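# Coordinate analysis (summary)
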Amino acid sequence: MTDLPSKKPKTPPGPKPALAAHGASSDTRLLLKRLREIMAGGGPAPGRLDRIARIIATNMVAEVCSIYLRRAGDVLELFATEGLNPEAVHKTRLRIGEGIVGDIAAHARALALSDAPADPRFAYRPETGEEPYQSMMGVPILRAGKVVGVVAVQNRAQRHYSEDEIETMQTVAMVLAEMVASGELVSAEELREADGIALLPLRLPGVRMNGGLAIGQAVQHEPRIVVKRLIAEDIPLELERLNAALAGMYSALDMMLADDALAHGGEHREILETYRMIAEDRGWLGRIREAIEGGLTAEAAAEKVRNENNARMQAVADPYLRERMTDFDDLARRLLLHLSSGDGRADIQRPGDLPPDIVVVAHSMGPAELLDYDRARLRGIVLEEGSPTAHVAIVAKALDIPVVGRVRGALARIEPNDPIVVDADHSQIFVRPGEDVLAMYRQTASDRVARRAGYVAMRELPAVTRDGVAIALRLNAGLLVDLQMLAETGAEGVGLYRTEIPFMVRPAFPSAEEQASLYGRILDLAVGRPVVFRTLDIGGDKLLPYFGEKTEDNPAMGWRAIRIGLDHPALLRRQLRALVRAAAGRELNVMFPMIAEVAEFAAARRLLDLELARCAARGIAPPKSFRVGAMIEVPALLFQLPALAERADFVSVGSNDLVQFLFASDRGNPRLAQRYDVLAPPVLSLLRQLVATCRAARGGKGISLTLCGEMAGDPLEAMALIGLGFRQLSMAAPNVGPVKAMVRSLEAGLVAEYLEELRESCDHSLRSKLLGFARDHGITL
Ligand code: PEP
Ligand code: MG
């Protein structure tokens, strides 16, 4: 019984001094050595757990060490204790969030309290006999980023627990996590999310990260790598193994960057380059090295840091930071693969084992991981995490792969090879769908293919209604790869280029030169078709981490878009300079977002004039021509339209924002998504008046008017817009075909008359009436 203390440790009175820096690692190593002996010693798991509790107490110079494990129903149960009443084992149970132990589990973070009973979270349990204990320190037991238990020590006297001691406990928790994972103490089934019968078809809702429809079989993204060897025998050797694995990982990433056809320039490459850069993050590597020096193997150290990261991620709301943490998770996985096989890539892709139609199911995914899959077979992606602005979504969009994110418990509920339908357009997936559901989706998928072929055939045909009204259809774009859709769809140009996306995927503001080269490439790819560049629309939910924006109570109405540009004119001027240079000798179209009043537009335009003057003064070739426009998104601007028309060359309605401000209804709030309709009488009245004012502007000469919000891309809504008098619409590439088909089947005069009849309607929405009209008139929707 080498692990038994010869006598009860005595806590020194007063605060215990922190372990000397050089002593901390050797203490941890000693503890790990003893843990290894216990683990290797065999015997029933509960007995081993008791002995572990005992040696932790001894090593940490604590009177109490208790180990709580998570059970079904989000409960923590006392499984072993040294120092508390042994009768309390399996009796004391705390809900997650209850008491200090429950709080550690709820927040997945360590807590050290020198006066625990005084803490408001303290929950006294008489059966444990813990009243004499003053100080307490506990850490979560984490596995795959999930809390599976808590290990805590307590001392009679007031005591300060040092950082090193907390670190030691975290390392011990890592070893305990492996014991829990073996299923000897709590069965894996018990902790699974309950869905009833596991093999019944299941509909899981999520968030659309990239639209589309995919049918395939589930492939669990990188099934968990089980780290078997946890405790290092030779620390210098482990450090060497880490360095070798890192070198292997770096060169594999470099190869990916060098040869990937997809990454030839553009945002994808930038995303990958940023990813490559963070692979050398000193903080991350330092934490792994520290864990090795604490006595773990290189694999266990990488896994420990990964677990801690994943647990922290649960509490991070900032989308950029979450994305960075996802990148670290991805990197840790890669590193583990290099450590276990010496060749990460070989282990990731096992073409023989994978089904022909792959639907990847993952907790989260980095952009590089997506590229590890065979693109000819990858049909769809299901993630437990994620938002539409996640890097993986940007890359998936470029590859046209449907992605549904934020699907709760996806990994626990989906078995490998389960048939899956990814209905990203409707933000849902079906797992193990019945033959009827599958048949319906197969039909939808083949209809889509046929329809797509029809749209391609229509590409060269003009978008003209049956009564001869020409409608200009343009693209909304934000990635270089979107530009190739100009040729594929036959769109007349880019009606809205959202310039913020390249800013969001970078680690720092791009210089004027970098921006100019990007904008130049966009114009090259557009080969003479007009491109309307919208200046930066950051703020709100589009935060740039390097910009130091603060979270706001009401970001949609906050410091965003042109407001930032006017408050930081140097920033806006840098972008305008880049645009002016990129358009040398060509046509330049610039549009300012979120303009609320004419004075704002005038101020922004002055900055552009300054840049044009600067360009002339330096003898740089100016744009051949230029047009400056404003987005109509803020209702206040509607009351100054005639004055705006005197100063602007065109206006474009951002209906997404305009409608949210009109109804005071957050466009991102799913609870309000069905509340108001864009085809409601107030919206249509407003748009009708807007058309009339734009036509009458400038003494009857008129001002060019476009609509570039989501409405323009929906055939029924676009039909209503044409009926109200809109002649220019800008939409996402996949919508051009369907809208063109609608236009070519429409009599613009008839729909205008019908809308006139409905002018005084007080219905909640005119959608069903317009649908009936379309059906009656054979309009293709
Ligand atoms: C809009 O608000 O309609 C718009 C096109 O801008 P964004 O969707 O980028 O806010
Ligand atoms: Mg907008």
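Attention here is on the structure that accompanies the text.

About the criteria used
- Residues numbered from 1 in each chain as written.
- Chains lettered and ligands numbered in written order.
- Predicted model: local features only at pLDDT ≥ 70, side-chain atom pairs only at ≥ 80, totals over all residues.
- Heavy atoms only, no water.
- Buried < 20%, exposed > 50% of the residue type's maximum accessible area, 1.4 Å probe, protein only.
- Helix = DSSP H or I, 4+ residues; strand = E, 2+ residues; numbered from the N terminus.
- Pairing = 2+ DSSP bridges.
- Axes fitted to C-alpha atoms, helices over the stretch in contact; angles between N-to-C directions.
- Donors = N, O, S within 2.8 Å, 3.2 Å for Na, K, Ca; no water.
- Contact = heavy atoms within 4.5 Å.
- Expected span 1.5 Å × (residues − 1).
- Near = heavy atom within 4 Å.
- Polar contact = N/O pair within 3.5 Å; in protein donor to acceptor, adjacent residues only side chain to side chain.
- Areas by Shrake-Rupley, 256 points an atom, 1.4 Å probe, with all protein chains shown as cover.
- Nonpolar A, V, L, I, M, F, W, Y, C, P; charged D, E, K, R; others polar.
- Phe/Tyr/Trp six-rings, centres within 6.5 Å; stacked < 30°, edge-to-face > 60°.
- Salt bridge = Lys/Arg side-chain N within 4 Å of Asp/Glu carboxyl O.
- Parallel < 35°, antiparallel > 145°, perpendicular 65-115°, else oblique.
- Left-handed = near helix turned anticlockwise from the far one by under 90°.

Our next topic: the pairing of strand β7 (residues 202-205). What you see with β7 is a clean split: Leu-202 and Leu-204 sit on the buried side and Arg-203 and Pro-205 on the side with no burial. Alignment of β7 against strand β14 (residues 428-431), held across four bridges, turns out to be antiparallel. Its bridge partner lying in β14, Leu-204 is registered against Ile-429.

What follows covers the sheet that holds strand β8 (residues 207-210). Spatially, the eight strands line up as an open sheet ordered β7-β14-β13-β9-β10-β11-β12-β8, and their pairing is mixed. Every interior strand has two partners, whereas the edge strands, β7 and β8, have only one. For this sheet, the mean inter-axis angle between neighbouring strands, taken without regard to orientation, is 30°. Bridge count between strand β9 (residues 213-220) and strand β10 (residues 358-362): four bridges; the pairing is parallel. Across the sheet, the residue bridging to Val-219 is Val-360, located in β10.

Glancing now at the coordination of the magnesium ion (ligand 2). Bound to the magnesium ion (ligand 2) on the protein side are Glu-633 (OE) and Asp-657 (OD), at distances that span 2.0 Å. Taken together, the residues span a long stretch of sequence, with Glu-633 in the loop between β19 (625-632) and α22 (641-647) and Asp-657 in helix α23 (residues 655-662) at a distance of 24 residues. Each member of the pair Glu-633 and Asp-657 is classed as buried.

Sheet architecture is open: six strands sit in the order β3-β2-β1-β6-β5-β4, paired in antiparallel fashion. Of all strands in the sheet, those bounded by a partner on one side alone are β3 (93-95) and β4 (111-113). Going from strand to strand, the sheet's axes swing by 25° on average, the running direction of each strand aside. Of the strands in this sheet, β1 (64-71), β2 (75-82) and β6 (146-155) are in contact with helix α2 (residues 45-59), which crosses β2 at around 70°. On top of the sheet, helix α4 (residues 163-181) reaches β1, β4, β5 (135-143) and β6; it is set at about 45° to β5, its chief contact.

Bringing helix α9 (residues 298-313) into the picture now. Because each turn of an α-helix spans 3.6 residues, side chains separated by three or four positions end up pointing in the same direction. With 16 residues, α9 extends 22 Å from end C-alpha to end C-alpha; this agrees with the ideal 22 Å at 1.5 Å per step. Here α9 lies mainly inside the structure; 15 of its 16 residues are buried.

Once that is clear, we can look at the site of ligand 1. The immediate surroundings of ligand 1 are formed by 14 residues, with Arg-498, Arg-534, Gly-654, Asn-656 and Arg-667 found nearest. Within the side chain of Arg-498, an N or O atom sits 2.8 Å from an oxygen atom of ligand 1. Within the side chain of Glu-633, a nitrogen or oxygen atom sits 2.9 Å from an oxygen atom of ligand 1. A total of 290 Å² of accessible area belongs to ligand 1 in isolation, and the protein chains cover 97% of it. Mapped onto the shell around ligand 1, the elements with two or more residues apiece are β16 (494-498) and α23. Ranked by residue count, the leading element in the shell around ligand 1 is α23, at three residues. Taken together, the residues of the shell around ligand 1 break down into three nonpolar, four polar and seven charged.

Here we take up the packing of aromatic side chains. Summed over all chains, the structure comprises eight aromatic pairs. Ring geometry for Trp-284 versus Phe-328: centroids 5.8 Å apart, planes at 35°, classification tilted. Of the two residues, Trp-284 sits in helix α8 (residues 282-293) while Phe-328 sits in helix α10 (residues 319-341), which places them 44 residues apart along the sequence. Judged by relative accessible area, Phe-328 falls into the buried class, the value being 13%.

To continue, consider helix α25 (residues 715-724). With ten of ten residues buried, α25 is to be regarded as a mostly interior element. Among the residues of α25, those classed as buried are Pro-715, Leu-716, Glu-717, Ala-718, Met-719, Ala-720, Leu-721, Ile-722, Gly-723 and Leu-724. Where α25 is buried, its residues contact α24 (681-696), β21 (704-707), β22 (728-732), α26 (733-744), α27 (748-757) and α28 (767-776). For α25, the side-chain oxygen to backbone nitrogen distance between the N-cap and Leu-716 is 3.1 Å, and the N-cap itself is Asp-714. One or two positions beyond α25, positive phi appears at Gly-725, with a value near 115°.

Positive phi is not limited to glycine here, since Arg-406 has a value of about 50°. Of note, Arg-406 is situated in the loop between β12 (403-405) and α14 (410-413). By relative accessible area, which is 46% here, Arg-406 ends up partly exposed. Non-glycine residue Arg-432 carries a positive phi angle of around 50°. Residue position: Arg-432 is located in the loop between β14 and α15 (435-458).

Turning our eyes to something else, we now look at the environment of Thr-444. Along the chain, Thr-444 turns up in helix α15. For Thr-444, a relative accessible area of 30% translates into the label partly exposed. Through-space distance from the C-alpha of Thr-444 to that of Leu-213 is 8.5 Å; in sequence the pair is 231 residues apart. Only 2.8 Å separates the side chain of Thr-444 from the backbone oxygen of Met-440, close enough to count as a polar contact.

All right, on to the pattern of salt bridges then. What the rule picks out here adds up to 44 salt bridges. Taking the shortest distance from any N to any O, the salt bridge between Glu-299 and Arg-241 comes out at 2.7 Å. With Glu-299 in helix α9 and Arg-241 in helix α6 (residues 235-259), this pair connects stretches of sequence that are 58 residues apart. For Glu-299, a relative accessible area of 13% gives the class buried. Its salt-bridge partner being Asp-418, residue Arg-432 comes within 2.6 Å of it at the nearest N-O pair. On the criterion of sequence distance, the pair formed by Arg-432 in the loop between β14 and α15 and Asp-418 in the loop between α14 and β13 (419-423) is long-range, its members being 14 residues apart. Take Asp-418: its relative accessible area is 8%, and that puts it in the buried class. Overlapping salt bridges bring together Glu-500, Arg-534, Asp-537, Arg-560 and Asp-657 as one network.

The subject of this paragraph is the packing of α25 against α26. Closest axis-to-axis distance for the α25/α26 pair is 9 Å, and the angle between their directions is 45°. Considering the angle they form, α25 stands oblique to α26. The two elements α25 and α26 cross, and the hand of that crossing is right-handed. Counting all contacts with α25, which are made through Pro-715, Ala-718, Met-719 and Ile-722, the residues of α26 involved are Pro-738, Val-739, Met-742 and Val-743.

Look at α8 against α9: their axes get within 8 Å of each other, and the N-to-C directions meet at 130°. It follows from the interaxial angle that α8 and α9 lie oblique. Our pair here, α8 against α9, has a crossing hand that is right-handed. Residues Trp-284, Arg-287, Ile-288, Ala-291 and Ile-292 of α8 form the contact with α9, whose participating residues are Ala-298, Ala-301, Ala-302, Lys-304, Val-305, Glu-308, Asn-309 and Arg-312. Residues of the contact of α8 with α9, tallied by class, amount to eight nonpolar, one polar and four charged.

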